[in-house]
Amino acid sequence: MKTTFQKLLFYTSFLICFTVLAQKKSERELILIDKDWRFSFGHLYDTKKDFGHAEGYFSYLTKTGFGDGPAAKDFDDRAWRKLDLPHDWAVEQPFSESASFSHGFKAAGKNYPEKSIGWYRKKITIPNEDLGRIISLKFDGVFRNSKVFFNGFYLGTHESGYNGFEYDVTAYVNYGGENTIVVRVDASMEEGWFYEGAGIYRHVYLQKTNPIHVVANGTYVTSELKNNDADVIAAVTIENKGNFKGAIEITQTVFDSNNKQVALGSENVLAPEFYQKANYSSKLYIKKPLLWDLDSPNLYHLQTQIKQDGKVIDNYETSFGIRSIELNPEKGFFLNGKQVKLKGTNNHQDHAGIGTAVPDEIQYYRIKKLKEMGSNAYRCSHHPPTPELLDACDKLGMLVIDETRLMGINDYHLNDLQQMMERDRNHPSIFCWSVGNEEWQIEGGITGERITQVMQHFAKSIDPTRPVTVGISSGFKSGISSVVEIMGYNYLGNGDIDAHRNQFKNQPGMGTEEGSTFATRGIYFTDDVKHYQSAYDKKPRPTFYSIEEGWKFYAERPYLAGMFIWTGFDYRGEPTPYGWPSVTSYFGMMDVCGFPKDNVFYLKSWWGKEPVLHLLPHWNWSGKEGQEIDVWAYSNCDEVELFLNKKSLGKKKMELNGHLEWKVKYVAGTLEAIGYKNGKKVLMEIQKTTGNPEAVKLSLDKENQPNSKVSVITVEVTDKKGLHVPTADNEITFDIKGGKILGVGNGNPTSLENDQFIDDLEMVSIMNLQEQKGNTTDLSLKSNYNENEWITAFKDRNYKNQAPSYIYKGNFELKSVSDKNQVHFFYKKIGIAAEVYINGNKINPSAEDLQKYVLDAKILKQGNNSIYIITTPLQKIKDWDVMNTDPGIIQVITPAESWKRKLFNGYAQIIIQKDENAKEVVLSASAKGLRAGSFKN
Ligand code: GAL
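All values derive from a computational prediction rather than experimental measurement. Residue numbering note: each chain is counted from 1, following its sequence as written. Per-residue local features are limited, in this predicted model, to residues with pLDDT of at least 70; the limit for side-chain atom pairs, both in listing and counting, is 80 or more; totals at the level of whole chains, interfaces and linings are taken over all residues. Side-chain numbers here rest on the full set of heavy atoms in the structure, without hydrogens or water.

**Things to note about the overall build of the protein chain**
Next, step 1: Regarding its fold elements, the protein chain presents 10 helices and 53 strands.
Next, step 2: Restricting the calculation to C-alpha atoms gives the radius of gyration, and the globule rule supplies 2.2 Å times the number of residues raised to the power 0.38. Radius of gyration (C-alpha) of the protein chain: 32 Å, near the 30 Å computed for a compact globule of 937 residues.
Next, step 3: Taken along the three principal axes of its C-alpha coordinates, the protein chain extends 105 × 80 × 80 Å.
Next, step 4: When a residue's accessible area, from a 1.4 Å probe over protein chains only, is under 20% of the maximum for its type it is buried; when over 50% it is exposed; and in between it is partly exposed. Counting the 937 residues in the protein chain, one finds 59% classified as buried. A run of DSSP states H or I qualifies as a helix once it reaches four residues; a run of E qualifies as a strand once it reaches two. Both are numbered from the N-terminal end.

**Focus: the site of the ligand**
Next, step 1: In the vicinity of the ligand, the contacting residues are W193, H382, N437, E438, N490, Y491, E513, S516, R541, W566, E574 and F587.
Next, step 2: Contact distances for the ligand include 3.4 Å between an oxygen atom and a side-chain N or O atom of R541.
Next, step 3: Isolated, the ligand exposes 310 Å² of accessible area, and the fraction of that covered by the protein chains is 90%.
Next, step 4: In this classification, Asp, Glu, Lys and Arg are treated as charged, Ala, Val, Leu, Ile, Met, Phe, Trp, Tyr, Cys and Pro as nonpolar, and every other residue, Gly included, as polar. Here the shell around the ligand is composed, by residue class, of 4 nonpolar, 4 polar and 4 charged. What makes a residue near a molecule or strand is one non-hydrogen atom of that residue sitting within 4 Å of it. Distance and chemistry together define a polar contact, namely a pair of N or O atoms within 3.5 Å, with one atom able to donate a hydrogen and the other to accept it when in protein, and with adjacent residues in sequence counting only for side-chain atoms on both sides. The accessible surface values rely on the Shrake-Rupley method and a 1.4 Å probe; as for residues, cover is taken only from the protein chains in view.

**What about the pairing of strand β13 (residues 247–255)?**
Next, step 1: Here β13 lies mainly inside the structure; 7 of its 9 residues are buried.
Next, step 2: Being paired, for any two strands, means DSSP has found at least two bridges between them. As paired strands, β13 and strand β14 (residues 261–270) are joined by 9 bridges and run antiparallel to one another. Each bridged residue has a counterpart across the sheet, and for E249 the counterpart in β14 is N268.
Next, step 3: Counting the residues in the hairpin turn of β13 and β14 gives 5 residues, including N259, whose phi is positive at 65°.

**Focus: the sheet that holds strand β51 (residues 908–914)**
Whether parallel or antiparallel, the strands of a sheet pair through hydrogen bonds between backbone atoms.
Next, step 1: Spatially, β36-β37-β51-β39 is the arrangement adopted by the 4 strands of the open sheet, whose pairing is antiparallel. Every interior strand has two partners, whereas the edge strands, β36 (695–700) and β39 (739–745), have only one. If you compare each strand with its neighbour and ignore which way they point, the axes differ by 30° on average.
Next, step 2: Alignment of strand β37 (residues 710–718) against β51, held across 6 bridges, turns out to be antiparallel. Within the sheet, the bridge partner assigned to S711 lies in β51 and is I912.
Next, step 3: By definition, residues are in contact when any of their heavy atoms lie within 4.5 Å. Here, axes are lines fitted to C-alpha atoms. For helices the fit covers the stretch in contact, and angles between N-to-C directions go from 0 to 180 degrees. Contacts between helix α3 (residues 360–372) and the sheet are confined to β37 and β51, with β37 contributing the most and set at about 55° to the helix.

**Remarks on the confidence of the model for the protein chain**
Any residue range with low pLDDT should be treated as having predicted coordinates unsuitable for detailed reading.
Next, step 1: A score between 0 and 100, pLDDT records how confident the predictor is in each residue. A residue-level look at the protein chain finds 97% of positions with pLDDT of 70 or above and a mean pLDDT of 95.
Next, step 2: Overall, residues 1–24 carries pLDDT values under 50, and its contacts beyond four positions in sequence, including any with other chains, amount to 3 contacts.

**Points about helix α10 (residues 599–607)**
Next, step 1: Counting buried positions over the 9 residues of α10 gives 8, a clear majority of the element.
Next, step 2: For α10, the full list of buried residues reads N599, V600, Y602, L603, K604, S605, W606 and W607.
Next, step 3: For α10, the secondary structure elements touched by its buried residues are β21 (342–347), α3, α9 (547–555), β28 (560–566) and β30 (628–635).

**What about the pairing of strand β52 (residues 922–926)?**
Next, step 1: In β52, alternate side chains face the same way, and those of L923 and A925 are buried while those of V922, S924 and S926 on the opposite face are not.
Next, step 2: Pairing analysis gives 5 bridges linking strand β38 (residues 731–737) to β52, with the strands arranged antiparallel. Residue pairing across strands places D735 opposite S924, the latter belonging to β52.
Next, step 3: In the sheet, β52 pairs with strand β53 (residues 933–936) via 4 bridges, with the strands oriented antiparallel. Among the inter-strand pairings, L923 is bridged to a residue of β53, identified as F935.
Next, step 4: In textbook terms, the turn of a hairpin is the stretch between consecutive antiparallel strands, and for β52 and β53 this stretch comprises 6 residues, one of which, G929, has a positive phi near 75°.

**Structural notes on the UniProt feature "domain: Glycoside hydrolase family 2 catalytic" (unreviewed entry) in the protein chain**
Next, step 1: According to UniProt, the positions carrying the feature "domain: Glycoside hydrolase family 2 catalytic" (unreviewed entry) are residues 331–473.
Next, step 2: Secondary structure content for residues 331–473 is 38% helix and 24% strand, and the end C-alpha separation is 23 Å. UniProt positions are given in the numbering used here, feature names are shortened, and annotations may be inferred rather than shown by experiment.

**Considerations on the state of the cysteines**
By definition, a disulfide links two cysteine residues through a covalent bond between their sulfur atoms.
Next, step 1: Working definition: a disulfide is two cysteine sulfur atoms within 2.5 Å of each other. For the structure shown, the criterion picks out 0 disulfides.
Next, step 2: Of all cysteine sulfurs, the one in C380 lies closest to C393, which takes part in no disulfide; the gap is 6.8 Å.
Next, step 3: Looking at C393, the relative accessible area reads 0%, which means it is buried.

**What about a nonpolar patch on the surface?**
Next, step 1: Exposure above 30% relative accessible area and the absence of a salt bridge qualify a residue for a patch, where like charges join within 9 Å and nonpolar side chains (Val, Leu, Ile, Met, Phe, Trp, Tyr) within 5 Å. One side-chain nitrogen of Lys or Arg within 4 Å of one carboxyl oxygen of Asp or Glu is enough to make a salt bridge. Together, Y57, F58 and F66 make up a nonpolar patch on the protein surface, roughly 370 Å² of accessible area in all.
Next, step 2: Its relative accessible area of 38% is what places F66 among the partly exposed residues.

**Here we look at the sheet that holds β30**
Next, step 1: Taken in spatial order, the 3 strands make up an open sheet running β29-β30-β33, and their pairing is antiparallel. A strand with exactly one partner marks an edge of an open sheet, and here the two such strands are β29 (613–616) and β33 (660–665). For this sheet, the mean angle separating the axes of adjacent strands, direction not counted, is 25°.
Next, step 2: Summarising the sheet, β29 and β30 pair through 4 bridges and their orientation is antiparallel. Of the residues in β30, the one forming a bridge with H614 is Y634.
Next, step 3: Set on the sheet, α10 makes contact with β29 and β30; between it and β30 the angle comes to about 35°.

**Section: the packing of helix α5 (residues 411–424) against helix α6 (residues 446–462)**
Next, step 1: Following both chains from N to C, one finds α5 and α6 inclined at 35°, their axes separated by 10 Å at the closest point. Between α5 and α6 the crossing geometry is right-handed. Residues L414, L417, Q418, M421 and E422 of α5 form the contact with α6, whose participating residues are V454, M455, F458, A459 and I462.
Next, step 2: A per-class count over the contact of α5 with α6 returns 8 nonpolar, 1 polar and 1 charged. We call a crossing left-handed when the near helix sits turned anticlockwise from the far one by less than a right angle, and right-handed when that turn is clockwise.

**Some remarks on the nonpolar core**
Next, step 1: As used here, the term nonpolar core means buried Ala, Val, Leu, Ile, Met, Phe, Trp, Tyr and Cys residues forming a set that is joined through side-chain atoms within 4.5 Å. I367, I497, Y554 and W619 are the most contacted members of the largest nonpolar core, which totals 77 residues.
Next, step 2: Residue ranges assigned to each domain were obtained from an automatic or database domain assignment. Shared between two domains, this core holds at least three residues of each, these being domain 3 (339–517 + 539–574) and domain 4 (621–688).
Next, step 3: In contact with Y554, not counting residues within four places along its chain, are K341, Y489, L492, I497, M510, G511, E514, L560, G562 and M563.
Next, step 4: Residues W37, V169, Y201 and L206 belong to the second largest nonpolar core, which totals 45 residues.

**What to know about the packing of α9 against α10**
Next, step 1: α10 packs onto α9 with a crossing angle of 20° between their chain directions and a minimal axis gap of 11 Å. Judged on the interaxial angle alone, α10 and α9 are roughly parallel. α10 is crossed by α9, and the crossing has right-handed handedness. Each of I547, E548 and W551 in α9 lies in contact with α10, whose residues at this interface are N599, Y602, L603, W606 and W607.
Next, step 2: A breakdown of the residues in the contact of α9 with α10 according to their chemical character gives 6 nonpolar, 1 polar and 1 charged. Small angles under 35 degrees read as roughly parallel and large ones over 145 as roughly antiparallel, with 65 to 115 read as roughly perpendicular and the rest as oblique.

**Comments concerning the environment of E97**
Next, step 1: Looking at the element boundaries, E97 is found in the loop between α2 (89–92) and β4 (117–126).
Next, step 2: With a relative accessible area of 54%, E97 lands in the exposed category.
Next, step 3: If sequence neighbours within four positions are ignored, E97 has contacts with F105 and W580.

**Comments concerning the packing of aromatic side chains**
Next, step 1: Whether two aromatic rings pair depends on their centres lying within 6.5 Å, for rings of Phe, Tyr and Trp, where Trp uses its six-membered ring; planes under 30 degrees apart make the pair stacked, over 60 edge-to-face, and the rest tilted. For the structure shown, the criterion picks out 46 aromatic pairs.
Next, step 2: When the centroid spacing of 5.8 Å and the interplanar angle of 35° are considered together, the rings of F518 and F587 count as tilted. Of the two residues, F518 sits in the loop between β27 (509–515) and α9 while F587 sits in the loop between β28 and α10, which places them 69 residues apart along the sequence. Each member of the pair F518 and F587 is classed as buried.
Next, step 3: With 6.5 Å between their ring centres and 75° between their planes, Y827 and Y853 make a pair best called edge-to-face. Here Y827, found in strand β44 (residues 822–827), pairs with Y853, found in strand β47 (residues 852–855); they are 26 residues apart in sequence, far enough to count as distant. For the pair Y827 and Y853, one class covers both residues: buried.
Next, step 4: Grouped by ring-pair contacts, the aromatic residues Y524, F525, Y536, Y602, W621, W632 and Y634 constitute a single cluster.
Next, step 5: For a ring to carry a charge above it, either NZ of a lysine or CZ of an arginine must fall within 6 Å of the ring centroid while also lying within 35 degrees of the normal to the ring plane. The positively charged end of R541 is found above the aromatic ring belonging to F544, 3.9 Å away from the centroid.
Next, step 6: Above the ring of F75, the side-chain terminus of K828 is found at 5.9 Å from the ring centroid.

Below, the structure is given as structure tokens:
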């Protein structure tokens, strides 16, 4: 029995909850709608294979709401694959030599018309209570050239594969019922010369706001530090998509990271007119703010509220940070008044196993890996990143150059630049905009100069607080170089940097690209047959420099703000210096998984703050006994002494930004290094010859986000003493409970193994549909019909005078029949009542869907199968009614084989995601002849 007090408490909490909910309804809602999409490939130019889309007499461009084929609201997508976003269909495909070098030889996109168009469909319910609100769809990024439809209405085309976009669908909503979102993605063209994925690879949201609301990316927070205090200007753009006229109140409140209010501004203004926008700004004052810095990335958030008659009608949150930046032509880069050398990397956006469909957690993982290497800056080369990458940089303390895709002065170029800047300009991590990279056709001449001047001025009109750069690879004197605000040098070998600087003394500069070295993780002898590049840091090509040469150059010149290595991580595509069957780049300091190549330890020594001692190579060189092996030490100790099996091979002095080398005749055992600082032993590092692999080991990578649903697991094998075996290449098979596997990788640029193991889904059409009239309404196959009287189905049908029943006969081809496959017939109504016979067997509809038939392997045959559908006919109500003549589709699901991957030089990586409601996820890993391993989370 509840006491009166308990009851009272219950009702009061219920009331509070209800009020909060009711209040929330009137405010903005941003609902992630990544789950439960349907997907199917269409076709680039064969409209039949593109489900007849845009074939209609009236197309979606002729009459509004006439989206046809899959764009139609009621298109039957039951047989399509179910998936959750983010999704990259390119990474799911096999590799092929005839596929694109730039896109990592994945058999999709360019050259693959049947794998270049992807259709996505999703149904959502929008309740009646939302009537009066502005309903929009928000896409963070689709690769590429997407057309979006809502309930059959065409919303627009968005070409860029990198910028986000929004569509207002308010007028087309079916309130209180089902609504259909359809996206047609055309990934047939490439925007870059690197892997770009294919599909809806970033988040999608449904957004609901009041007609008076802050527009998309509608706030701009800037701050100015005065002594230790900050003036914060919070500018906001508000739009009125309703008929309200009169006063509104705009309240802007700043909270610190503990949610404590630190500043508040409020003003009463007149609401903008119908469909008009207006800008407002509040000047706020924050006493002694905690600055955003690399080691303490303090963030604030601005809450912008619009009130009407005292009631909050919109609530818009903006995360920002307070810091000062300066790029000085003499002294380089300053953050909060302190000189900071930029220790940067360039990166594209794909990761092992998952391509560009990167979960938010992996953004953090990657930025943490770069920070761990000592890096403090990231160049988004050569395109705008996903918003979560910038969030990770804000939260973890990583400076960013944000870069637009293509140079030019037209809407195509400037709109993209504007969209990127308006979306990103509140991120404290961004210190510089880049408006282009290596535009070979124009960079050295007058056209480059003109374009840069326009883009630079345009950028300043959107954000005057950050400078603009361009990555330039030739003509470090003329063209873009002579006008760009911050000179972006791409490679020492491309020109005389000191000479340029002497000519342009007032122009700050940085190395936007340096390095471009080749290395295969765990490989110490170059082997051009196997496409292996040794991991010792060597000059890669005559006009390129090693990482050490590059860093020494930049470290020695205070006027250069720093450098960005090409690249932090390996990426798919650009497998220079090789081609097929190499499918990923060799440039990374880390491989595609984030496993470090040895260069990481060079950088950690001179970029990081921790003491470092690293020895290369490993010491498993059976067969090379007596031969000389190059042994290198990366360290920031003063001296390093090397021992082989306890015998000293000499102590050497470390030069600033250098490394140490020994030649060592191989004998199995222990290679040991001792690092000294001020004459004292501070570090020890060992490379031991190991035994054969004995056991599989799974462990959580330490850069994982704590308690997250997505985990990056390191896979390795150990010998009988538990030592990691650095040469192991065992194939590991995985099994998971309580979650799913998102992707597998191993960092081997020549691995053509699957990145993903996904059930194969085939849609088999019913061919040669023929009919004959039935005399009665008896629908059994036994009723009289004449095998010789078939005519083409629905041909010349007189709908005013139909037979009591019709018998339809068709056939379908099955490549194979197996108990393991699931075969379904998704029937589409071609009659009122229907009976279905497959190869003479009557089939009953499934309980969950009366138009779905589960076909047992026992009644199916490899090759040709017959289908009979006996129906009473559909009747036209109006003469112009269009009757369905498509009987439906057969869906064959062939389950994927088990997930597996070979280790490459001792390591593989598997990315897993825990199920929403699972208490625990358990991953097991086995390999032939080895003790199995498991991982629980
Ligand atoms: C640069 C270019 C990069 C990448 C790199 C490979 O010229 O800017 O995107 O292609 O070369 O060496």
